[in-house]
Structure formats: C-alpha cells, structure tokens
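# Examining the three-dimensional arrangement
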Amino acid sequence: METKQFTLSTKVLNMIIGVALVILAVIFFFPIYIALINAFKTDGEMAKSMLALPKTFSFVNFQTAFAKLEFFKTTFNTAIITVGSVVGILFCGSLAGYKLARTHSALSRFFYILFIASMLIPFHSIMISLTKTAMTLGVKGSLHGTILIYIGLGVNMAVFLYAGFVNSIPVDLEEAAIIDGCGPFKTFAYVIFPLLKPITATIAILDALWIWNDLLLPLLMITDADNYTLILSANKFFGKYEADWSNILAGLLMTSLPLVIFYMFFQKHIVEGITAGAVKG
C-alpha cells in the first residue's frame, strides 16, 4: 500500500514539475515568438495585432535592416572585438588562475581575494572613470582599446573559475613533468592547459555571449561609425521621437543569429566545465 502511495505521489510531483516547465518554456519563448512573427510584418499589421501571424511573409524588413546595419562590416568588427577579448581573457586568466592556485602564500591569497572582490563592483560605478582613463591613454574610440577593457573586466571571473579547476588537478602530474625536465611554462602549456579544456570552453562561451551582446561599453568607447559593432549599429533604429519596430525586430534577429548558431554547437561544454570546476581534488 505504501509503495502505491509513493508511486502515486511521485507521478503527481513529476506531473507538477512538467506543467511548471512547460509554463516557464512558454514564458521564455513568448518574446522570441513576438519578435519572429512581427519581423515579417509591416507597421500597419503590427498595429492591428502583434500576436497574429503575418498575412504574407515578407523579407523587406530584413533587407532594410541588412543595409542599415551594414551587416558584414559590423559583424566583422564585432567578431574582432569578441575573439580578441576572449583570447586575452583566456590567456591572462589561465596563467593567473594556475599560479594563484598553486602558490600557497599570503600574497597569493590576497590577490585571489582581490580578483573575487572586483567581481562585486558594478560596471556603472566605474564607467565614467574608465572612459576618462581610456581618453588619457589614447585608446578611446579604437577596437584594440575596447578589447583591452573587455579583458580587464572579464579576467576576474576567468581567474576564479580557472583556480577552482586547477585545484582538482593532481600536483603529481606537474612533479612528474618537472622530473622529466619541463620548466614552469612548458609544464603549464603541455601538461596543465590541455586538462583545462572544459573550463576553457565554458569561459570562452560565456564571455563570447557577453561581449557579442554588450551595448554599453561600445557605446561609451567607440565613436567612429566605421568601428561600430552589430548591437551598437542596431541602436540606429531607435530615433528621438519614434522607433521603426518592424525593422528593429528584423535587425535584432539578424544580430542574434550568429551567436545562437555558435551557442547551439558549444552549449554542452558550459555545464560540463562549471560542474568539473566546482569539484576540488
């Protein structure tokens, strides 16, 4: 009797969880549905009903958005900033995280706490001083200046994740490499870094999603229209007194498409990397 009650309660619980997941899925996908169907409509059709399907699927909005976005140029600029920033974050974060995890001293603990504490500082509180510093250094308005700032903003999280992952790697591997004649950098490059592949993929994906979709930092840093990113160029659709929503939705779908494709191929590494990094040996 108790077994039947337990089975019944388990089925009811699973049913409740399933219904809750369906409701959450509808809530999360509803904005995507709105953007997708209205990107094919005219402004008149949108005014009549935003929920109805378009009478005819027209690609005029996408053609207009493609031209206004200067899609190829802005995609290239966004790719340069994203790839350069992610590579810099991975390089600096992996070296610093490895060194801090393997060095047991008061100074290394101080720097580790400093990296973690910097994650708590909101960007809005430092953006004015950051902009002034960029102007003083002569990097404001350039792609490489934006890349340097992204590296500085993203390396703290990378150090935190790398340090946690390195702690799960046995020290015996490094000792064996040193006995075989490997120096510190060779040991890291050929022994340690290949083992950091899961967390490296996680950091790369998370930072790529952040940098590709970011508007505020490019808005502050990039002044030359030739260096505009996709998201910054999409800001052109919003006028002072009106917004061309049909073209805006088409443009936003176009800006999101490359990253959605990238995420679909590499999303499995996110959970794998975070789970592995949370386990310390």
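Here is what the cut-offs are and how they apply
- Residues numbered from 1 in each chain as written.
- Predicted model: local features only at pLDDT ≥ 70, side-chain atom pairs only at ≥ 80, totals over all residues.
- Heavy atoms only, no water.
- Phe/Tyr/Trp six-rings, centres within 6.5 Å; stacked < 30°, edge-to-face > 60°.
- Buried < 20%, exposed > 50% of the residue type's maximum accessible area, 1.4 Å probe, protein only.
- pLDDT = per-residue confidence, 0-100.
- Contact = heavy atoms within 4.5 Å.
- Helix = DSSP H or I, 4+ residues; strand = E, 2+ residues; numbered from the N terminus.
- Polar contact = N/O pair within 3.5 Å; in protein donor to acceptor, adjacent residues only side chain to side chain.
- Salt bridge = Lys/Arg side-chain N within 4 Å of Asp/Glu carboxyl O.
- Core = buried A, V, L, I, M, F, W, Y, C linked by side-chain atoms within 4.5 Å.
- Axes fitted to C-alpha atoms, helices over the stretch in contact; angles between N-to-C directions.
- Left-handed = near helix turned anticlockwise from the far one by under 90°.
- Nonpolar A, V, L, I, M, F, W, Y, C, P; charged D, E, K, R; others polar.

Attention shifts here to the packing of aromatic side chains. If you walk through the whole model with that rule in mind, you get ten aromatic pairs. With centroids separated by 6.2 Å and ring planes inclined at 70°, the aromatic side chains of F71 and F72 adopt a geometry described as edge-to-face. Among the residues examined, F72 registers a relative accessible area of 65% and is labelled exposed. Here the aromatic residues F40, F59 and F62 are joined through ring pairs into a cluster of three or more.

The next subject is the confidence of the model for the protein chain. The predicted coordinates of low-pLDDT regions are not to be read in fine detail. Residue-level pLDDT values for the protein chain average 83, and 90% of them are 70 or greater. Across residues 277-281 the pLDDT falls below 50, and counting only partners more than four positions away or on other chains, this stretch makes nine contacts in the model.

Another point: the environment of T146. Within the secondary structure, T146 sits in helix α7 (residues 143-166). Residues T146 and T74, 72 residues apart in the sequence, show an inter-C-alpha distance of 15 Å. Every residue in contact with T146, bar those within four places of it in the chain, is listed here: I81, L217, M221 and I222. Within polar-contact distance, the side chain of T146 engages the backbone oxygen of S142 at 2.9 Å.

On to unusual backbone geometry, then. Its identity as a non-glycine residue notwithstanding, E70 has a phi of 50°, on the positive side. Secondary-structure assignment places E70 in the loop between α3 (60-69) and α4 (71-102).

Attention shifts here to the pattern of salt bridges. Applying the stated criterion across every chain, the model contains three salt bridges. Here K73 makes a salt bridge to D226, at a shortest N to O gap of 3.3 Å. Here K73 is found in helix α4, whereas its partner D226 is found in the loop between α11 (216-221) and α12 (230-234), with 153 residues between them in sequence. Note on K73: relative accessible area 30%, which makes it partly exposed. Looking at D226, the relative accessible area reads 46%, which means it is partly exposed. Each member of the salt-bridge network shares a partner with another, and the members are E70, K73 and D226.

Time to look at the nonpolar core. Among the nonpolar cores identified, the biggest contains 33 residues, and I81, Y162, L196, I199 and I203 are the most heavily contacted of them. Among the secondary structure elements, those contributing two or more residues to this core are α4, α7, α9 (184-192), α10 (197-213) and α11. At eleven residues, α7 tops the list of elements feeding residues into this core. Contact partners of I81, with chain neighbours within four places excluded, come to L143, T146, I147, Y150, I211, I222 and T229.

With respect to the helices and strands, the residue R102 is situated in helix α4. One polar contact links the side chain of R102 to the main-chain carbonyl oxygen of V166, over a distance of 3.3 Å. Apart from residues no more than four positions distant in its own chain, R102 is found in contact with V166, N167, I169, P170, V171 and E174.

With that out of the way, let us pick up the environment of S58. The residue S58 is located in the loop between α2 (43-48) and α3 in this model. Considering only alpha carbons, one finds S58 and I27, 31 residues apart in sequence, at a separation of 27 Å. S58 has contacts with A39 and F40, leaving out every residue within four places of it along the chain.

Direction vectors running N to C along α4 and α7 enclose 35°, while the axes themselves pass 6 Å from each other. As for the relative orientation of α4 and α7, their crossing is right-handed in sense. Of the residues contributing to the contact of α4 with α7, the split by class is 19 nonpolar, nine polar and one charged.

Turning to its location among the elements, F266 is positioned in helix α13 (residues 245-266). As for F266 and A204, which are separated by 62 residues in sequence, their C-alpha atoms are 9.8 Å apart.

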